[in-house]
Amino acid sequence: MLPQVQIRAHTAGGRASRGCLFSSCCEVTEGQTSGGQFDQQCRAGRNCVTEAAEMSETAETRGPVTRRRRTTSTKQTKRQDAGEKAPPCSAKEKTPDKVQKHASNNGNVEKEMGKSAQQQQQLTNSPKKQRSAVEDINDRLRCHNLQESLLSSASGYSNYRGILNWCVVMLVLSNARLFLENIIKYGILVDPIQVVSLFLKDPYSWPAACLIIVSNVFILAALYTERRLAVGTISETTGLILHLFNLTSLLIFPSASILTVTSITPVGGVLSLGTYTVLFLKLFSYMDSNKWCREIRHAKAKRMTRSYSCPIVAQSNGSAINTNVSYPGNLTHRDMYYFIFAPTLCYQLNFPRSPRIRKRFLIRRLFEMLFLMQLLVGLIQQWMVPSVQNSMKPFQEMDFSRMVERLLKLAVPNHLIWLIFFYWFFHSSLNFVAELLQFGDREFYRDWWNSETVTYFWANWNIPVHKWCLRHFYKPMLRKGVNKFLAQTAVFLASAFFHEYLVSVPLKMFRLWAFMGMMAQVPLAWFVSRFLNGNYGNAAVWISLIIGQPIAVLMYVHDYYVIHYGSTT
């Protein structure tokens, strides 16, 4: 009888009664309820089946199910899907007692299911708690591991930032003590008015400035020689002779003027000779670069049209870029003087250009230039001059122990002044000029402070000079078959000559200390690269900077004071 009733209910559309049978009345699993509860739920299930059979018979007599009955059944299924309790099977025939019995049975089932779920979670979590307890006990028992001390090389530890800060603090404190001792001993020696006397002996005579202005003659001579070579008016041999004569005059004329004119001060002589030395290197590069352009033109056998040098094309965003310049369109006054003032020694037809001038960057560099210049003058007047004056007597008496003590005492302030000068010139000044001219290549130095060899230091602390030596001196010698070591020695020899030239001529005395100091870099570079590596090589480079070359400069200054002021002290 039960299967037939279920089939009739299925065919007659009694979905509500079937849902009641299988969702609320007969959803009882074994092990979840007790025996009495199970019998009560089975009786409730039989009553629901009987009620469903009666409803199906009345549905057959009435005919098809109406649209309203279908909507009600769909609402019931939606409620069941949403997790709500199903309504009673028949609202008319079921009594309130039956409804309460069904609700109590469903609540008991849900409580039993919740208890069983909690028991399962406790069973699964108990191994984790046991493991954590075991690990906690093991951590209490174990307090030692296999490891090296931090200062051992095998530990691999490399974060010594705190020690570096400690070194900086100790350096500041020691120098502060020396500075305080200097002020207590000598008082305030800084005199800005005295700085003017370093440049001028006579306010109405400016020989160094006049010497720098005359340098335009050599610049124009190089430009017009290149123009004649570009159009073929003179031969390559004649042009080479004219260039060599112009370059030789750049070195002889200013040195002869400084040695003969007594009104030129040593500081003015250094500035004028430095300007002429830079012009010598620039014009040599200008001669070589244009020669290479002519060789390319002859090799390609093409006629190149003359173009303007550095024409500017306005862009939509307000910036300006330079179109490429081809030889001989670069042989103009504008192109020549841009190269003369640009912070580089190597000439090329088209320099990299920055899109705009950054005003804030320019103001910062200008402030650094002014502040550091005043700091340099103050340190020289307050620290260097008294030390040099006190060191004259040991040098006159040739007391070796006191000479070493004085040189070491002078090496520290000299090195500090050299570091400040490096930042002032290579960072502040060159970046200021480059920003004004929108010169794009700002690599004026590299990380020379990390140098582990002497050659790495000389190749990275002054990039403009290094590029010039590499492009116009070192590589041409290698292309001609010269040995690499001989080429490096020749580069150091040329550098030694210019160092001696810039020191001896303004001081008007020749001691060859700078020349010998530079040539001593060759065996030192060989020794450091062969026997010292890593931090030891870096320490050797720093020692050579602090004690080596600055001592040669100090010896020149000392000899100058002995010659000119020795009788008055």
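As a reminder, the structure under discussion sits directly above these lines.
Everything numeric in this text was worked out from a predicted model, so none of it was measured. (Residues numbered from 1 in each chain as written. Predicted model: local features only at pLDDT ≥ 70, side-chain atom pairs only at ≥ 80, totals over all residues. Heavy atoms only, no water.)

Chemist: Tell me about the environment of phenylalanine 284, residues and numbers included.
Modeler: Among the secondary structure elements, phenylalanine 284 is positioned in helix 11 (residues 266-300). Expressed as a C-alpha distance, the spacing of phenylalanine 284 and asparagine 246, which sit 38 residues apart in the sequence, is 9.8 Å. Here phenylalanine 284 is in contact with Leu247, Trp468 and His472, once residues within four sequence places are set aside. (Helix = DSSP H or I, 4+ residues; strand = E, 2+ residues; numbered from the N terminus. Contact = heavy atoms within 4.5 Å.)

Chemist: Any chance you could break down helix 12 (residues 333-341) for me, citing the residues and the numbers?
Modeler: At 3.6 residues per turn, the α-helix brings residues three or four places apart onto the same side. Here helix 12 has its buried residues at Asp335, Met336, Tyr338, Phe339 and Ile340. Each element contacted by the buried residues of helix 12 is listed here: helix 9 (216-231), helix 11 and helix 15 (400-437). (Buried < 20%, exposed > 50% of the residue type's maximum accessible area, 1.4 Å probe, protein only.)

Chemist: Any chance you could break down the environment of asparagine 330 for me, citing the residues and the numbers?
Modeler: Inspection of the secondary structure assignment puts asparagine 330 in the loop between strand 2 (320-322) and helix 12. A C-alpha to C-alpha distance of 6.5 Å links asparagine 330 and leucine 349, two positions 19 residues apart in sequence.

Chemist: Tell me about unusual backbone geometry, residues and numbers included.
Modeler: In most cases, non-glycine residues show a negative phi, while peptide bonds are predominantly trans. The omega angle of the peptide bond from tyrosine 327 to proline 328 is 5°, so this bond is cis rather than trans. Relative to the helices and strands, proline 328 is located in the loop between strand 2 and helix 12. Even without a glycine there, the phi angle at lysine 508 is positive, about 55°. In this structure, lysine 508 sits in the loop between helix 18 (484-507) and helix 19 (513-519).

Chemist: Residues and numbers for the nonpolar core, please.
Modeler: Core analysis: the largest hydrophobic core is formed by 63 residues, its most contacted members being Leu250 and Met336. With ten residues, helix 11 is the largest single contributor of residues to this core. Core analysis: the next-biggest nonpolar cluster, separate from the first, contains eleven residues, Trp383, Met384, Ile417 and Phe432 among them. (Core = buried A, V, L, I, M, F, W, Y, C linked by side-chain atoms within 4.5 Å.)

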